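Each chain, written out:
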Amino acid sequence: MAERIEQRLEDRVPELEQLERVGLFTRREVRAVLRKASALEYKIQRRALRKEDFINYIQYEINLLELIKKRRARIGYSFKKDEIENSILHRVHCLFNRAIGKWKDDIQLWLSHVAFCKQWNAKHQLSKVFSSMLAIHPNKPALWIMAAKWEMETQLSSESARHLFLRALRFHPECPKIYQEYFRMELMHAEKQRKEKKEFEQAKMETGEFNYSEEILNGEMARIIYRDAAQKIKGVQFHLAVLSIAKLFDFTQDLQKEILESLQTGYADDPLTWDCMARRELELGSLQATEHTTKQMKVSEMTQREERCCAVFEEAVRAVPTEDMWKCYITFCLERYNRKTNSEELKQKRLERTLSVFSKAHESGLLPEAFYKQWLQLLLASNLFEKATEVAEAATKRFSLSVEMWQMRLQMLIQLKSDDVTQSFEEAIKHMKSKGTLPLWTLWVEWSEGTNSKEDTEALYQRSLCATTSAESVTMKEKYLDWTYRNGGYKKVRRVFTSLCENRPFSLDFFRKMIQIEKQQESCKMLRLREYYERALREFGSTDSDLWLDYIKEELSHPQGKPENCGSIHWRAMKMLQGDLVEDFVSKYTLLQTGHL
């Protein structure tokens, strides 16, 4: 092993000598490089190889290449690259090959090698890397696409890209993404050929050996791919994805028409098909801008296009009366409404249209729950408060077991300072029973704090403890304790704390809040702090090591503390804590003893 390492280090000598000779590195830096290389070589020659050692070695060599590049730029020296950089590049490729040979399943390692090849323009090497990677990982479509894109976009070889896509489809005959990218590649190839032909024609040159097939120029290869894919891949999403790619090219009108016809024939009942057909009206018949085109003409033309879209959507919700179809329609209306425009007339029309569609969907009983909130926000923003109140009430009738709907309605009533807030809270709690009502009780007590008397708010807090589930009552206890201290003072909060301690469960924050309140008092008593810590430890002593440490710190730092109690607390902690928490406690306790915690 030593001889092999010595040989590898000797192989470095010529490049290091060149670095020193041309003034890129000093002799001291060359020696430092040799020492570091020696240490790295020893690590990758051991019997038990580690991936991290190879990664560190590769990263060191890459950093060295970057440093040489910067030094060259600084002194303006660009010679001897064969003797210096190429030698390092060769070594990095060898390191990658050894690492990948050992850890073939590590995709990230392969991708790092690909990235390195691209960065240093090692095209021949990258071709080999892609070939090896795809032989070992043919089951990953993304790798096939990456390789084909490189062939097409960097190597400018549509033939190689096509060959890779065809091989990929043998392994993944029903992969939508591969078909989409293959489809895109063929259209890019057709576009490239169209540009070349046009340039020849403009220069009035003979195309000579270049044979431009009309079929390829018109995207016929892409059409064949689409037809083949359409037989194997079911679902409207694939057709829409292919259509969006075809729209990027200005010579695909016939192809787009065929895709749309397939959508209408095979997926006539799918909301996404109707959504696509409706939105297409925005793209059709757009006004050609001229110097005589006025702002009013543009607004009128946009209004007409949007109305054509809505006409298609209206037909759609009659043909496919589902929540998803209404969702598509409303989403379109909201998108148009949220678009910036300087025309108040257009903005108002969009608002009226959107509110009308919300109403129709609601009346048909097919407005999705999530959209009621957006409808309300729109009504409130438009100062239509009476209508908003009606909508909120209707939403809670339709979704009477939805906490979100009740919360939305109650927040709106609070915002409008309605007289029906209390009655609506009672109605909500009646419908929801106890499970999942925490957000409602939280909202209710927070509203009551700013509106009702202290007595009413306290009664509400006490009622919430009985009305919520055990797990949710934990949060209400914390809020009750905090509110009591803010409004009733220390003596009152002590009584409430003692009372609340009679009913489990508790949270750790519940006890920590009481400890914090005690420490805020001028006459903070250690006796009471011990009571709170002991209560907390009964509940959380087996699962929280920090609680024990805080207790010990309190005994050490409080004027009335007893440091002699720390040993007993430590012994109890060691007995109660579970699993890894014991080790965590011991290490922190040691730091505490040495004054580092």
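Everything numeric in this text was worked out from a predicted model, so none of it was measured.

## Description of the overall build of the protein chain
- If you tally the helices and strands in the protein chain, you get 29 helices and 0 strands.
- Its C-alpha atoms give the protein chain a radius of gyration of 37 Å, clearly above 25 Å, the size a compact globule of 597 residues would have.
- Seen along its three principal axes, the alpha-carbon backbone of the protein chain occupies a region of about 100 × 80 × 45 Å.
- With 597 residues in all, the protein chain has 45% of them scored as buried.
- In the protein chain, the proportion of contacts linking residues at least 24 apart, taken out of those at least 6 apart, comes to 59%.
- Split by element, the accessible area of the protein chain, about 32800 Å² in all, is 50% carbon and sulfur.

## Focus on the packing of aromatic side chains
- Going through the model one piece at a time under the given rule, you end up with 28 aromatic pairs.
- On the basis of an interplanar angle of 85 degrees and a centroid distance of 6.1 Å, the ring pair of phenylalanine 497 and phenylalanine 511 is categorised as edge-to-face. Here phenylalanine 497 is found in helix H24 (residues 470-500), whereas its partner phenylalanine 511 is found in helix H25 (residues 508-519), with 14 residues between them in sequence. Of the two residues, phenylalanine 497 and phenylalanine 511, neither departs from the other in class, the shared state being buried.
- Joined through ring pairs, the aromatic side chains of Phe497, Phe506, Phe510, Phe511, Tyr532 and Phe540 make up one cluster.
- In this structure, lysine 69 packs its charged tip against the face of tryptophan 120, placed 5.7 Å from the ring centre.
- For lysine 347, the ring lying beneath its charged end belongs to tyrosine 337, and the centroid distance is 4.4 Å.

## Regarding helix H17 (residues 344-363)
- With 20 residues, H17 ought to run about 28 Å at 1.5 Å a step, and its terminal C-alpha atoms sit 28 Å apart, in line with that.
- Turning to H17, its buried residues number three or more, namely Leu346, Arg350, Leu351, Arg353, Thr354, Leu355, Val357, Phe358, Ser359 and Ala361.
- Looking at the buried positions of H17, the neighbouring elements they touch are helix H15 (295-319), helix H16 (323-338), helix H18 (369-381) and helix H19 (385-398).

## What about the nonpolar core?
- Formed by 179 residues in total, the largest nonpolar core has its most connected members in Phe183 and Tyr372.
- Sequence-distant contacts of phenylalanine 183, defined by excluding residues within four places in its chain, comprise Ala222, Ile225, Tyr226, Val242, Ile245, Ala246, Leu255 and Ile259.

## So, the pattern of salt bridges
- Counted under the stated rule, the structure contains 49 salt bridges.
- One salt bridge in this structure joins aspartate 275 and arginine 279, with 3.1 Å as the shortest N-O distance. Here aspartate 275 pairs with arginine 279, and both are found in helix H14 (residues 271-283), just 4 residues apart, close to one helical turn.
- Given the relative accessible area of 13%, aspartate 275 is considered buried.
- Since its relative accessible area comes to 23%, arginine 279 is described here as partly exposed.
- Arginine 353 serves as the salt-bridge partner of glutamate 306, at 2.9 Å between the closest nitrogen and oxygen. Of the two residues, glutamate 306 is situated in helix H15 and arginine 353 in helix H17; the sequence distance between them amounts to 47 residues.
- The exposure class of glutamate 306 is buried, given its relative accessible area of 0%.

## A look at unusual backbone geometry
- Here the residue pair arginine 504 and proline 505 is connected by a cis peptide bond, since its omega of 0 degrees sits within 30 degrees of zero.
- Although it is not a glycine, lysine 417 sits at a positive phi angle of roughly 55 degrees.
- Note on placement: lysine 417 falls in the loop between helix H20 (403-415) and helix H21 (421-432).

## Considerations on the packing of H16 against H18
- At a closest axis distance of 12 Å, the pairing of H16 and H18 adopts a crossing angle of 35 degrees. In the packing of H16 onto H18, the handedness of the crossing is left-handed. Where H16 approaches H18, its residues Lys327, Ile330, Thr331, Leu334 and Tyr337 are matched on the opposing element by Phe371, Gln374 and Leu378.
- Among the residues making up the contact of H16 with H18, the classes are represented as 5 nonpolar, 2 polar and 1 charged.

## What about the packing of H24 against H25?
- Viewed as axis vectors pointing N to C, H24 and H25 meet at an angle of 100 degrees, and their least axial separation amounts to 11 Å. Viewed along their axes, H24 and H25 adopt a mutual orientation that is roughly perpendicular. Each of Lys477, Glu478, Leu481, Asp482, Tyr485, Tyr490, Val493, Arg494, Phe497 and Leu500 in H24 lies in contact with H25, whose residues at this interface are Asp509, Phe510, Phe511, Lys513, Met514, Ile517 and Glu518.
- Counted by class, the contact of H24 with H25 contains 10 nonpolar, no polar and 7 charged residues.

## Concerning the environment of phenylalanine 171
- Here phenylalanine 171 lies in helix H8 (residues 158-171).
- Distance in space between the C-alpha atoms of phenylalanine 171 and serine 343 is 54 Å, their sequence separation being 172 residues.
- Phenylalanine 171 has contacts with Pro138 and Trp144, leaving out every residue within four places of it along the chain.

## So, the UniProt feature "domain: U3 small nucleolar RNA-associated protein 6 N-terminal" (unreviewed entry) in the protein chain
- As annotated in UniProt, the feature "domain: U3 small nucleolar RNA-associated protein 6 N-terminal" (unreviewed entry) corresponds to residues 9-91 in the numbering used here.
- Between the C-alpha atoms that bound residues 9-91 the distance is 12 Å, and the span itself is 75% helix and 0% strand.

## A short note on helix H12 (residues 236-246)
- H12 sits mainly inside the fold: 8 of its 11 residues count as buried.
- Among the residues of H12, Val236, Phe238, His239, Ala241, Val242, Leu243, Ile245 and Ala246 are the ones counted as buried.
- Structurally, H12 contributes buried residues whose contacts are with helix H9 (176-202), helix H11 (220-232), helix H13 (253-266) and H14.

## So, the environment of glycine 489
- Note that glycine 489 resides in helix H24.
- As for glycine 489 and serine 131, which are separated by 358 residues in sequence, their C-alpha atoms are 76 Å apart.

## Regarding the environment of glutamate 83
- By secondary structure assignment, the location of glutamate 83 is in the loop between helix H3 (51-75) and helix H4 (85-102).
- Spatially, the C-alpha atoms of glutamate 83 and proline 14 are 7.5 Å apart, while their sequence positions differ by 69 residues.
- When residues no more than four places from it in sequence are discounted, the contact partners of glutamate 83 are Glu15 and Gln18.

## So, the state of the cysteines
- Inspection of the entire model under this criterion finds 0 disulfides.
- Looking at the unpaired cysteine 276, the closest cysteine sulfur is the one in cysteine 328, lying at 11 Å.
- A relative accessible area of 9% places cysteine 276 in the buried class.

## A word on the side chain of arginine 409
- Within the secondary structure, arginine 409 is located in helix H20.
- For arginine 409, a relative accessible area of 8% gives the class buried.
- For arginine 409, the residues in contact, after removing those within four places along its chain, are Ala392, Glu393, Thr396, Ser424 and Glu427.

How each quantity is defined
- Residues numbered from 1 in each chain as written.
- Predicted model: local features only at pLDDT ≥ 70, side-chain atom pairs only at ≥ 80, totals over all residues.
- Heavy atoms only, no water.
- Helix = DSSP H or I, 4+ residues; strand = E, 2+ residues; numbered from the N terminus.
- Rg over C-alpha atoms; globule rule 2.2 N^0.38 Å.
- Buried < 20%, exposed > 50% of the residue type's maximum accessible area, 1.4 Å probe, protein only.
- Contact = heavy atoms within 4.5 Å.
- Areas by Shrake-Rupley, 256 points an atom, 1.4 Å probe, with all protein chains shown as cover.
- Phe/Tyr/Trp six-rings, centres within 6.5 Å; stacked < 30°, edge-to-face > 60°.
- Lys NZ or Arg CZ within 6 Å of the ring centre and 35° of its normal.
- Expected span 1.5 Å × (residues − 1).
- Core = buried A, V, L, I, M, F, W, Y, C linked by side-chain atoms within 4.5 Å.
- Salt bridge = Lys/Arg side-chain N within 4 Å of Asp/Glu carboxyl O.
- Axes fitted to C-alpha atoms, helices over the stretch in contact; angles between N-to-C directions.
- Left-handed = near helix turned anticlockwise from the far one by under 90°.
- Nonpolar A, V, L, I, M, F, W, Y, C, P; charged D, E, K, R; others polar.
- Parallel < 35°, antiparallel > 145°, perpendicular 65-115°, else oblique.
- UniProt positions renumbered as here; feature names shortened; annotations may be inferred.
- Disulfide = S-S within 2.5 Å.

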